[in-house]
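# Structural characterization, general
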Amino acid sequence: DVKVTQSSRYLVKRTGEKVFLECVQDMDHENMFWYRQDPGLGLRLIYFSYDVKMKEKGDIPEGYSVSREKKERFSLILESASTNQTSMYLCASSLRSAGGATEAFFGQGTRLTVV
Amino acid sequence: SQQGEEDPQALSIQEGENATMNCSYKTSINNLQWYRQNSGRGLVHLILIRSNEREKHSGRLRVTLDTSKKSSSLLITASRAADTASYFCASPLSSNTGKLIFGQGTTLQVKP
């Protein structure tokens, strides 16, 4: 059974803390994604990685960075957490294909609260 | 930038009725995908339709794609209470990338 696993289901952090959200996939996928989901705004792409050490900014990269040192792991880093980063964070992965985007597999989500 | 825009934002129907959700997108695409999200969970892939296809079926799901209008629709027939969820369309930002951009979603409530 294919799997994308996010390290935490719920997380509470203090303003100013450096926060790491981890995501691991076991499908040997080249593409990995971090989205945040807020009510009324749908899913917004934070960062996209198409290979190890390769990344592209999404729509809302400000205040975030990412790390992809190994193919199976994609980390989202909040450099200095702020209350406006309280949100649901979703990780996903997909195969790279010459034919365009392929089916994405999602983790269960991490609900982050910054206090 | 949102690639896909769903319509309506919310839909409430009775069990047994059909539910139709629409999606519009901005750029040319190789395919368009639909996903489902149960409350507070990750998304699950439902169906993918390629740009050279006009219609695709999967069980009670029917998806259409009109590339001239840059729009797609998802029809769920004979809906059940268990279909209550949010539904999202997703497409690549451009034709040659795996970067997947989602719309804002349609929240469907099916009343028993």
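Residues numbered from 1 in each chain as written. Chains lettered and ligands numbered in written order. Predicted model: local features only at pLDDT ≥ 70, side-chain atom pairs only at ≥ 80, totals over all residues. Heavy atoms only, no water.

A few words on the overall build of chain A. In terms of helices and strands, chain A carries zero helices and 11 strands. The helix and strand sequence of chain A, counted from the amino end, reads β-β-β-β-β-β-β-β-β-β-β. Taking 13 Å as the expected radius of gyration for a compact globule of 115 residues, we find that chain A reaches 13 Å, a close match to that expectation. By principal-axis analysis of the C-alpha atoms, chain A measures approximately 40 × 30 × 25 Å. Here chain A, with 115 residues, has 50% of them falling under the buried criterion. When contacts within chain A are restricted to residue pairs at least 6 apart in sequence, long-range pairs at least 24 apart make up 56% of them. When the accessible area of chain A is evaluated, it comes to approximately 5,400 Å², of which 50% is carbon and sulfur surface. (Helix = DSSP H or I, 4+ residues; strand = E, 2+ residues; numbered from the N terminus. Rg over C-alpha atoms; globule rule 2.2 N^0.38 Å. Buried < 20%, exposed > 50% of the residue type's maximum accessible area, 1.4 Å probe, protein only. Contact = heavy atoms within 4.5 Å. Areas by Shrake-Rupley, 256 points an atom, 1.4 Å probe, with all protein chains shown as cover.)

Looking now at the state of the cysteines. Residue and element names in this part refer to chain A. Evaluation of the coordinates by the stated rule reveals two disulfides over all chains. Covalently, Cys23 is tied to Cys91 through a disulfide, its sulfur atoms 1.9 Å apart. Disulfide Cys23-Cys91: the torsion about the S-S bond is -80°, which places it as left-handed. With Cys23 in strand S3 (residues 19–25) and Cys91 in strand S9 (residues 87–94), this pair connects stretches of sequence that are 68 residues apart. Residue classification places Cys91 among the buried residues on the basis of a relative accessible area of 0%. (Disulfide = S-S within 2.5 Å.)

When pLDDT is low, close inspection of the predicted coordinates is not appropriate. Predicted confidence across chain B gives a mean pLDDT of 90, with 92% of residues reaching 70 or more. Confidence scores differ between elements of chain B, with strand S1 (residues 4–7) of chain B showing the lowest mean pLDDT of 79 and strand S7 (residues 61–66) of chain B the highest of 97. (pLDDT = per-residue confidence, 0-100.)

To continue, consider the side chain of Ser72(B). Residues and elements named next belong to chain B. Following the sequence through the fold, Ser72 ends up in strand S8 (residues 71–76). Side chain to side chain, Ser72 and Trp34 meet in a polar contact 3.2 Å long. Here Thr64 takes part through its backbone oxygen, which lies 2.8 Å from a polar atom of the side chain of Ser72. If we skip the residues at most four places from it in the chain, Ser72 touches Met21, Asn22, Cys23, Leu32, Trp34, Val63, Thr64 and Leu65. (Polar contact = N/O pair within 3.5 Å; in protein donor to acceptor, adjacent residues only side chain to side chain.)

Another aspect to go through is the nonpolar core. The nonpolar side chains of a soluble globular protein tend to be buried with one another. Core analysis: the largest hydrophobic core is formed by 21 residues, its most contacted members being Trp34(A), Ile46(A), Leu76(A), Leu78(A) and Tyr89(A). Those elements that provide at least two residues to this core are S3, strand S4 (31–38), strand S5 (42–51), strand S7 (64–70), strand S8 (73–78), S9 and strand S11 (110–114) of chain A. Within the second largest apolar cluster, 20 residues are counted, among which are Met21(B), Ile49(B), Tyr87(B) and Val110(B). (Core = buried A, V, L, I, M, F, W, Y, C linked by side-chain atoms within 4.5 Å.)

The final tally for this structure, using the stated rule, is 12 salt bridges over all chains. Where Glu69(A) meets Lys53(A), a salt bridge forms, and the shortest distance between an N and an O atom there is 2.5 Å. Placement of Glu69(A) in strand S7 and of Lys53(A) in the loop between S5 and strand S6 (54–57) is noted, with a sequence separation of 16 residues between them. One salt bridge connects Arg62(B) with Glu55(B), and the closest N-O pair in it is separated by 3.2 Å. Arg62(B) sits in the partly exposed class, given a relative accessible area of 30%. By relative accessible area, Glu55(B) is classed as partly exposed at 40%. Within this structure, Asp28(A), Glu30(A) and Lys71(A) form a network of salt bridges that share partners. (Salt bridge = Lys/Arg side-chain N within 4 Å of Asp/Glu carboxyl O.)

We now examine the interface of chain A and chain B. In this assembly, 27 residues from chain A lie in contact with 24 residues from chain B. Taking both partners together, chain A and chain B bury about 1,900 Å²; carbon and sulfur atoms supply 50% of that area. Taken together, the links from chain A to chain B amount to one salt bridge. With a shortest N-O distance of 3.0 Å, Lys99(B) and Glu56(A) are connected by a salt bridge. Taken together, the connections running from chain A to chain B amount to seven residue pairs in polar contact (both at pLDDT 80 or more). When contributions to the side of chain A that touches chain B are tallied by element, the ones reaching two or more residues are S4, S5, S6 and S9 of chain A. In terms of residues, the side of chain A that touches chain B owes the most to one element, S5(A), which gives five residues. Here the residues of the side of chain A that touches chain B sort into 11 nonpolar, nine polar and seven charged. (Buried area = accessible area lost by both parts, 1.4 Å probe. Nonpolar A, V, L, I, M, F, W, Y, C, P; charged D, E, K, R; others polar.)

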